[in-house]
Amino acid sequence: FRESNPKRIPLLIFKIPIFKQPNTRYDMSSRRDFVKKTALVTAGIALAPTLAYGGTKTTKDILRVALIGVGLRGTNHLTNLLQRKDVTVEAICDIDSTRITIAKEHIAKAGFKAPKVFGKDDYDYRNLLEDKNIDAVIISTPWLWHTRMAVDAMKAGKYTGVEVSAANTMEECWDLVNTHEETGSHLMILENVNYRRDILAVLNMVRQEVFGELIHFRCGYQHDLRFVKLNDGVTPYGKGVEFGEKGISESKWRTQHSLLRNGDVYPTHGVGPMATMCNINRGNRFMSMTSHATKAVGLKKYIIENGGKDHPNAKLNWKQGDVITSTIDTANGETIIVTHDCNSPRPYSLGFRVQGSQGLWEVDGSRIYIEGKSEPHRWDDAKAWLDKYDHPLWKKYGEYATGSGHGGMDFFVLNAFVESAKENLAPPLDAYDAAAWSAITPLSEASIANNGEPQDFPDFTRGLWVRRKPYNWIKDTY
């Protein structure tokens, strides 16, 4: 599978054995029995992986995993790992002793041996990485730690999973790519929305050219997070006005970005699925981007309404615009509009729209229009179309993802990571994806600071996007 020169990415797609559906139906109340019986050799890899830089293929029956960060997101990963027979949790790391206690209780309740514990200071994770008994690490820490921890993990030879976004600056984006290429260690960005049921159904439609030739996408992260960003853990839910040292959970660190940065700081939930559909880094790439920001009024208004105009935080001047809009041009001629909207009152939506020469799908309203199939000038309810093109993964294994988090997609993204790591294969969402998607953040900051001036995307593949092949996920997975 690997060319003699490890610095060249092969075109061959790794052929995954077909998992045969059992004739009998499991009587299960959870995913545990299913995962223990099968180990899901293929089920988790929605997009079949290819070997990339370094990384000789291996096969492990048991993957020894460590978690760096066991806050809310890390604990979710831990819970799903504990459902598996083919994983052991060797170590956990967090500077919050309360979260360590919670994680240890989960592990003991699941019947696993007690893990090694790290977290005496911010850099104790490096001692964890020195443990030769650890094969893979999952990083679920505040954003500013993602790249430095991922780089250290790859240098330590660990198969690395990092939560979103993967990087904050352009330098960090290059650090991820360069470290992957220099060490041969693999990195997977754990973008769970790529495994959402409707997203994989639409991807199925895209691959079968139901929409014709692709021309335009819309997406984003549109989620009222004021109660998350201003949460002291004391006042009633949704009424807090504190962050930083006085905050809890994400308000300890996330809110500071809105105070100091004016850019799209959280782009991957939206752009990740769209980038996969238009084959970014695999026959296509991002070329340039322009960004604009509205005024910032949402957080200040919220603080005044819930804490009073005399509260110290009411006097802060927030830098991040309430709505940030970025437009990306691709090498193949598509455009992608990405929206960040987290500081104003609104229902949750990722705002997906996939449009081609033959029709389009929009997530809001769950509607679709296909020329020659739909009644002219009238939307179809998308449900029948999504059911028809439901992805094989979800049709076969959807029931076992119940309860895993975020509507089941957490089950699939974690399983893709585990199965790729066991084989030491390039993951379906790799270091080049992590860099390209995360680069939206620094580029949007630069564009906004320069009155919407276009910003060029680096080519993180150094030209190899031309020859890298899209994952032939139907043929090679089923």
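Predicted model, so just to flag it, every value in this text is computed and none were measured. (Residues numbered from 1 in each chain as written. Predicted model: local features only at pLDDT ≥ 70, side-chain atom pairs only at ≥ 80, totals over all residues. Heavy atoms only, no water.)

A.B. asks: How should the sheet that holds strand β10 (residues 335-341) be read in this particular structure?
C.D. replies: Hydrogen bonds between backbone atoms are what pair the strands of a sheet, whose relative direction is either parallel or antiparallel. In space, the nine strands of this open sheet follow the order β14-β13-β12-β11-β7-β10-β9-β8-β15, with mixed pairing throughout. Where the open sheet ends on each side, the last strands, each with one partner, are β14 (380-381) and β15 (455-456). Taken strand by strand, helix α10 (residues 268-277) contacts β7 (214-222), β8 (286-293), β9 (324-330), β10 and β11 (353-356), and its axis lies near 160° from that of β7. With respect to the sheet, helix α16 (residues 440-449) is in contact with β8, β9 and β15, its orientation differing from that of β8 by roughly 55°. (Pairing = 2+ DSSP bridges. Helix = DSSP H or I, 4+ residues; strand = E, 2+ residues; numbered from the N terminus. Contact = heavy atoms within 4.5 Å. Axes fitted to C-alpha atoms, helices over the stretch in contact; angles between N-to-C directions.)

A.B. asks: I keep staring at helix α14 (residues 409-423) and nothing clicks. Help me out?
C.D. replies: Three- or four-residue spacings in an α-helix give side chains the same orientation, since the helix completes a turn every 3.6 residues. When the terminal C-alpha atoms of α14 are compared, their 22 Å separation across 15 residues agrees well with the 21 Å that a helix rising 1.5 Å per residue should span. Counting buried residues in α14 gives 15 out of 15 residues, a clear majority hidden from the surface. (Expected span 1.5 Å × (residues − 1). Buried < 20%, exposed > 50% of the residue type's maximum accessible area, 1.4 Å probe, protein only.)

A.B. asks: What should I look at first to understand the pattern of salt bridges in this one?
C.D. replies: When their charged atoms lie close together, side chains carrying opposite charge are able to pair. Inspection of the entire model under this criterion finds 27 salt bridges. Across the salt bridge formed by Arg462 and Glu181, the nearest N and O atoms sit 2.6 Å from each other. Remark: Glu181 occurs in helix α6 (residues 170-183) and Arg462 occurs in the loop between β15 and α17 (473-477); sequence separation between them is 281 residues. Glu181 gets classed as buried once you look at its relative accessible area, which sits at 12%. Taking the shortest distance from any N to any O, the salt bridge between Glu362 and Arg367 comes out at 2.8 Å. Residue class for Glu362 comes out buried when judged on its relative accessible area of 12%. Among the residues examined, Arg367 registers a relative accessible area of 30% and is labelled partly exposed. Among the charged side chains, a salt-bridge network with shared partners connects Arg84, Asp86, Glu419 and Lys422. (Salt bridge = Lys/Arg side-chain N within 4 Å of Asp/Glu carboxyl O.)

A.B. asks: Sorry if this is basic, but what is going on with the sheet that holds strand β1 (residues 63-68) here?
C.D. replies: The six strands lie next to each other as β3-β2-β1-β4-β5-β6, forming an open sheet whose pairing is parallel. The strands lining the two open edges of the sheet, one partner per strand, are β3 (116-118) and β6 (187-189). Adjacent strand axes in the sheet meet at a mean angle of 20°, parallel and antiparallel pairs treated alike. When β1 meets strand β2 (residues 87-93), the two strands line up parallel, connected through six bridges. Bridge assignment links Leu63 to a residue of β2, and that residue is Val87.

A.B. asks: Which parts of the structure should I look at to understand the environment of Asp364?
C.D. replies: Position of Asp364 among the secondary structure elements: in the loop between β12 (359-362) and β13 (367-370). It is 8.5 Å that separates the C-alpha atoms of Asp364 and Arg353, two residues lying eleven residues apart in sequence.

A.B. asks: How do you make sense of the packing of aromatic side chains when you look at a structure like this?
C.D. replies: Ring pairs (aromatic) are described by centroid distance and by the angle formed between their planes. Counted by the stated rule, this structure contains 15 aromatic pairs. Between Phe286 and Phe457, the ring centres sit 5.0 Å apart and the planes meet at 50°, which makes this aromatic pair tilted. In this pair, Phe286 is assigned in strand β8 and Phe457 in the loop between β15 and α17, connecting sequence segments 171 residues apart. With relative accessibility at 2%, the residue Phe286 sits in the buried group. Relative to Phe412, the ring of Trp394 has its centre 4.7 Å away and its plane inclined at 50°; by these criteria the two rings are tilted. Remark: Phe412 occurs in helix α14 and Trp394 occurs in helix α13 (residues 392-397); sequence separation between them is 18 residues. An identical accessibility class is assigned to Trp394 and Phe412; each is buried. (Phe/Tyr/Trp six-rings, centres within 6.5 Å; stacked < 30°, edge-to-face > 60°.)

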